[in-house]
Amino acid sequence: MIIIYVVIAIAVIGLVATLLLRGRRTPPGTYTTTRDANDPAAPPAGGGTDTLEAPRGPTATAPPVGVPTEEEPLPVGVEIPEDAAALETIPVETPAPVQGRLARLRARLVKSNNALGKGLLALLASDKIDEDVWDEIEETLLLADLGTDPTLELVDALRDRVKVEGSRNPEQVKAMLREELIKLVDPSMDRSLAVMRHADRPAVMMVVGVNGVGKTTTVGKLARVLVAEDKDVILGAADTFRAAAAEQLATWGSRVGVPTVKSDVDGADPASVAFEAVKAGIDQEVDVVMVDTAGRLQNKVGLMDELGKVKRVIEKQATVDEVLLVLDATTGQNGLNQAKVFAEVVNITGIVLTKLDGTAKGGIVVAIQRSLGVPVKLVGLGEGADDLAPFETEDFVDALLN
């Protein structure tokens, strides 16, 4: 009798485990046909969390943790099912247009960072500008995380102009300071994102950075920006080591009708997920594939090497067009050390500065660009879903001085 009870118990446990381990499936109708050139990104038929992920069951095997060697075939671990049960309905939102975001971000930047501009204007408008005043100006700029070389360059330029023009008129001083700051921020840098679809494949973007800077959130917010521009997007959840990172990304995508390629195997191979995301983008003829990578400290050599291999695995089938490094603006000069190491590993093409408000110092924009020779392309000034916008040089300087 006891044996019978044991057998029944094992059978029940096995059934429950099977139900719990069964992966979520993509709703019918998701990218089942090729895309027309003018098709906007749209939610799946009937709504739903448009998520593409690996099935799990008795025959599924977890891929090895780590990136496959470039000589060996990719391990099986991420599949995209053609037919799946419908998921719970999540309302699809309409992202805010880019121009609306810029206006809101400009207003927030004025409130949070204008202490720098006001301090400089007050000093430059003094009745007497002696060495003590120049020392104060230099200190103000250094405290704003502008960096030593840019600070000295700006102070020297201002010294020459004040000496030649000899003006103390507030409006003239402001115009003079504005011109010099714009030169430092460098309007000549190309800040456009490489998100134009190629003739035979989508644009591919990787997003990298250290732990805790908001990479996954940034990918989700950027997906909203692209959807607002009528682009078809697929997300790749290659952050397979942080708990719930893939679900977080899928949730961001589902809010604007964007599918996410991910594995439901804990600790799955990130390169395999990235590879399959790009493959799905090619097969479905989307405009952009964005790959979210795991956070890693810049001083962990093994993890940084792995990041480089993820990029090389992606490039087995498509060139990586954009590599965005996400930096927390409140880390100031510490962010420069992170940026330099990442740039050596994956050839950074652009910077995303998050949290450019509160305790952040506006000068970090100049310091990072000077150090890497890479432009700041996007800035985030809040926690809202649409609080991410393209960086514009003149708007940024005007916000500092108003």
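The subject of this paragraph is the pattern of salt bridges. Evaluation of the coordinates by the stated rule reveals 13 salt bridges. In this structure, the salt-bridge partner of Arg-370 is Glu-153, at a minimum N-O distance of 3.0 Å. Taken together, the positions of Arg-370 in helix α11 (residues 364–372) and Glu-153 in helix α4 (residues 148–165) put the pair 217 residues apart, joining distant regions of the chain. Note on Arg-370: relative accessible area 39%, which makes it partly exposed. With a shortest N-O distance of 3.2 Å, Arg-161 and Glu-165 are connected by a salt bridge. Placement of the pair is Arg-161 and Glu-165 together in helix α4, with a separation of 4 residues, close to one helical turn.

Another aspect to go through is the nonpolar core. Grouped together as the largest cluster of nonpolar side chains are 95 residues, with contacts concentrated most on Met-290, Ile-351 and Leu-353. At 7 residues, helix α5 (residues 170–185) tops the list of elements feeding residues into this core. With residues up to four places along the chain from it excluded, the contact list for Ile-351 reads Leu-325, Leu-327, Ile-368, Leu-372, Val-374, Pro-375, Val-376, Lys-377 and Leu-378.

With that out of the way, let us pick up the confidence of the model for the protein chain. Of all residues in the protein chain, 67% have pLDDT values of 70 or greater, and the mean over the chain is 74. For residues 71–89, every residue scores under 50 in pLDDT, and the model assigns this stretch 50 contacts once sequence neighbours within four places are set aside.

Take the side chain of Ser-263 next. By the secondary structure assignment, Ser-263 is in the loop between β4 (260–262) and α8 (270–284). Looking at Ser-263, the relative accessible area reads 10%, which means it is buried. A distance of 3.1 Å separates the side chain of Ser-263 from the backbone nitrogen of Val-265, its partner in a polar contact.

Reading the values: the criteria
- Residues numbered from 1 in each chain as written.
- Predicted model: local features only at pLDDT ≥ 70, side-chain atom pairs only at ≥ 80, totals over all residues.
- Heavy atoms only, no water.
- Salt bridge = Lys/Arg side-chain N within 4 Å of Asp/Glu carboxyl O.
- Helix = DSSP H or I, 4+ residues; strand = E, 2+ residues; numbered from the N terminus.
- Buried < 20%, exposed > 50% of the residue type's maximum accessible area, 1.4 Å probe, protein only.
- Core = buried A, V, L, I, M, F, W, Y, C linked by side-chain atoms within 4.5 Å.
- Contact = heavy atoms within 4.5 Å.
- pLDDT = per-residue confidence, 0-100.
- Polar contact = N/O pair within 3.5 Å; in protein donor to acceptor, adjacent residues only side chain to side chain.

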